[in-house]
Amino acid sequence: MTLAEKCIEIGENNEAIAAKPPKVYAAGKNSMVDESKLLPTTVSGNYISLDDVSEIPHKVECKISGVADLTGVQITRTGKNLIDNSPENVKSGYYYDAGGSVATSNAGYIRISPIKVNPLTTYTLSTNLIIYTIWYFNADGAIKRESRSGLKTWEFTTPDNCNEIRISLHNTSGAADTVAFEYAQLEVGSTATKYEAYVQEQALTPNADGTVDGMISTSPYMNIFTDTEGVHIEVTYNKSWGMQETQERFYSDFQRGVINHSISFEWLTLSKESITSIVNALSDSATGQTITFKKSAKEAAFTDTEWTELIATKPNWTLALL
């Protein structure tokens with residue numbers, strides 16, 4: 001075999017390994033995870049919404065309680081975005097009655113396939129198109145219909161006993177198609193955050209004792225909920241070591257009155273005093289760093305003049321709003 005032929009064979013072998021790593025290789029790779037950086041964390045509630053899940057996929061321990069027939073409950077794990085933006089789930093038309101009827105092939109509207117939700121939970125819908133209506137449903141049919149004029153972002157709280165919503169959007173293409181649709185995101189909470197692609201959900205059935213087998217993490221966002229009211233969920237997952245390290249480093253620096261590294265507070269509604277204190281603690285010698293605050297928190301706390309004066313005190317930092 002010539003040198004050239006050997007090189008080709010080596011290259012083909014490497015491609016084969018990359019495409020389907022042997023079990024011994026996969027086991028070796030997994031063993032390289034530093035166990036000191038695994039941060040098991042237990043949380044509980046009727047609806048679990050996390051934003052700090054480890055980047056390393058892992059099994060999530062889950063157990064439910066609170067109802068008599070635990071095996072009759074379906075538990076679902078999703079990522080941050082609850083809307084599947086694939087073409088089979090976004091179509092021309094709109095929902096127009098309490099039976100969930102669909103007006104198809106309509107140039108004026110685009111509809112999104114029904115989305116599972118929890119009752120009495122706050123969600124935020126954001127999209128590139130103007131929102132037309134949201135229908136709220138339970139197992140017996142429609143609960144009510146709401147519409148908003150001219151909005152592309154909509155915060156709402158689901159009614160009692162609601163387990164599904166159906167969304168219609170205004171179409172701008174002038175034809176019965178979906179070419180104008182770019183994205184839609186539905187997330188837990190009262191703030192529209194940066195768009196994240198949909199992660200395939202897991203739908204699981206608990207054992208008789210309430211334990212749930214086979215749940216796999218998704219990072220950094222993970223939502224876990226059931227289709228049954230009154231169910232209590234307890235989850236143990238691995239927190240992101242990188243996020244934890246960043247938070248601990250920040251608090252260590254902050255206690256000493258100085259912040260040297262980029263950090264984001266886009267999820268927190270901080271007061272004027274808190275924001276001012278954080279900005280005052282930003283290092284005067286740091287370069288290329290960014291501090292991010294929640295836009296609505298800034299707008300509620302500061303006038304434009306006050307904000308301009310505050311950020312002018314730290315010209316070496318980028319102060320971003322999300």
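Refer to the preceding data block for the structure.
The rules we used
- Residues numbered from 1 in each chain as written.
- Predicted model: local features only at pLDDT ≥ 70, side-chain atom pairs only at ≥ 80, totals over all residues.
- Heavy atoms only, no water.
- Buried < 20%, exposed > 50% of the residue type's maximum accessible area, 1.4 Å probe, protein only.
- Helix = DSSP H or I, 4+ residues; strand = E, 2+ residues; numbered from the N terminus.
- Pairing = 2+ DSSP bridges.
- Core = buried A, V, L, I, M, F, W, Y, C linked by side-chain atoms within 4.5 Å.
- Contact = heavy atoms within 4.5 Å.
- Axes fitted to C-alpha atoms, helices over the stretch in contact; angles between N-to-C directions.
- Parallel < 35°, antiparallel > 145°, perpendicular 65-115°, else oblique.
- Nonpolar A, V, L, I, M, F, W, Y, C, P; charged D, E, K, R; others polar.

Can you walk me through the pairing of strand S16 (residues 222-226) in this structure?
The two faces of a sheet get side chains in turn, since along a regular strand they alternate between them. Of all five residues in S16, five are buried, a share of seventy percent or more. Residues of S16 alternate between two faces, with Met222, Ile224 and Thr226 on one and Asn223 and Phe225 on the opposite face, all of them buried. Across three bridges, strand S2 (residues 48-50) lies against S16 in antiparallel orientation. Residue Ile48 lies in a different strand from S16, and its bridge partner there is Ile224. Sheet analysis places strand S4 (residues 75-78) next to S16, joined by four bridges and oriented antiparallel. What sits directly across from Ile75, in S16, is Thr226.

Looking at this structure, I do not really get the nonpolar core. What am I missing?
Nonpolar side chains in soluble globular proteins tend to end up buried together. Formed by 25 residues in total, the largest nonpolar core has its most connected members in Phe156, Ile165, Ile167 and Leu186. At the level of elements, strand S7 (109-116), strand S8 (122-127), strand S9 (131-138), strand S11 (153-157), strand S12 (164-170) and strand S13 (184-188) are the ones that each hand at least two residues to this core. The residues contacting Ile167, other than those within four sequence positions of it, are Ile83, Tyr95, Ile110, Arg111, Ile112, Ile115, Leu125, Thr133 and Ile134. Core analysis: the next-biggest nonpolar cluster, separate from the first, contains 18 residues, Ile75, Val231, Val235 and Tyr237 among them.

For this particular structure, what's the right way to read the pairing of strand S19 (residues 289-293)?
Within S19, four of the five residues are buried, which leaves the element mostly enclosed by the surrounding structure. Taken together, the five bridges between S19 and strand S20 (residues 317-321) define a ladder with parallel strand orientation. Each bridged residue has a counterpart across the sheet, and for Phe293 the counterpart in S20 is Leu321.

Please clarify how the packing of helix H4 (residues 272-280) against helix H6 (residues 304-311) should be interpreted in this entry.
Geometry of a packed helix pair, given as the angle between the helix axes and the separation of the axes. Interaxial distance between H4 and H6 falls to 10 Å at its minimum, and their mutual angle equals 25°. One element, H4, and the other, H6, form an angle in the roughly parallel class. Contact residues: Lys272, Ile275, Thr276, Val279 and Asn280 in H4; Glu306, Trp307 and Leu310 in H6. Along the lines of polarity and charge, the residues of the contact of H4 with H6 split into four nonpolar, two polar and two charged.

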